[in-house]
Amino acid sequence: MNIILFGPPGAGKGTQSNNLAKDFNLYKISTGDLLRKVVKEKSALGIKIKSILDQGMLVSDEIINGLIETILSNKSNFNRLVFDGYPRNFNQVKHLDILIKKYNQKISCVLSLKVDQEVVFKRILGRQICSKCGSIFNEFYNPSTKNNHKCGSNFLNKRSDDNEKTIKS
């Protein structure tokens with residue numbers, strides 16, 4: 001089963017795709033996570049991607065599609081994927097269709113998440129991620145406390161793309 005989740009940043013794609021991946025033993029594909037992973041590796045591609053993201057711009061379809069193909073071509077992911085925010089435009093839809101056929105897979109379900117713009121801003125601007133344990137909190141909806149987060153607030157960080165410029169673009 002392959003599932004696609006659509007929606008604006010902060011709509012809950014990550015939360016719901018994590019739930020689906022866990023409940024149905026799927027491999028989650030988040031383009032944001034893929035890009036952050038490549039940036040962390042500090043390869044030539046990672047440096048290029050970091051520069052693009054730091055400017056609040058979107059990474060090219062060519063780069064994204066290449067990363068997606070690497071995952072789709074892995075036989076251990078055969079028909080067990082949940083796409084978190086990919087494809088994001090018509091060119092990516094066409095490319096995904098080609099890849100799905102090339103690797104003999106299928107899309108089982110497409111879900112579109114809709115959220116008010118005010119909520120999106122609060123979810124994105126309030127998001128905090130613990131660099132030690134990976135837990136995600138939100139200053140407005142689910143703040144880190146001594147009861148729900150043992151690592152301490154000094155490990156809480158914001159993603160570089162969690163800003164108004166990125167939300168608007």
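Here, every reference points to the structure presented above.
Residues numbered from 1 in each chain as written. Predicted model: local features only at pLDDT ≥ 70, side-chain atom pairs only at ≥ 80, totals over all residues. Heavy atoms only, no water.

K.L.:
Can you lay out unusual backbone geometry for me, pointing to particular residues and giving the numbers?
P.N.:
The omega angle of the peptide bond from Y86 to P87 is 0°, so this bond is cis rather than trans. By the secondary structure assignment, P87 is in the loop between β3 (81-84) and α5 (90-102). Positive phi values are uncommon outside glycine, yet K42 reaches one of about 60°. Tracing the backbone shows K42 in the loop between α2 (31-41) and α3 (44-54). Of note, the phi angle at N79 is positive, near 50°, even though the residue is not glycine. (Helix = DSSP H or I, 4+ residues; strand = E, 2+ residues; numbered from the N terminus.)

K.L.:
Can you break down the sheet that holds strand β2 (residues 27-30) residue by residue, with the values?
P.N.:
Taken together, the four strands give an open sheet; going across it, the order is β2-β3-β1-β4, and neighbouring strands pair in parallel fashion. Since the sheet does not close on itself, it has two edges, and those belong to β2 and β4 (109-112), each with one partner. Averaged over neighbouring strand pairs, the angle between their axes works out to 15° when direction is ignored. Both strand β1 (residues 3-6) and β4 contribute to a ladder of four bridges, which runs parallel. Following the sheet pairing, I3 is matched in β4 by C109. Its contacts with the sheet place α2 against β2 and β3, and it is angled at close to 75° to β2. (Pairing = 2+ DSSP bridges. Axes fitted to C-alpha atoms, helices over the stretch in contact; angles between N-to-C directions. Contact = heavy atoms within 4.5 Å.)

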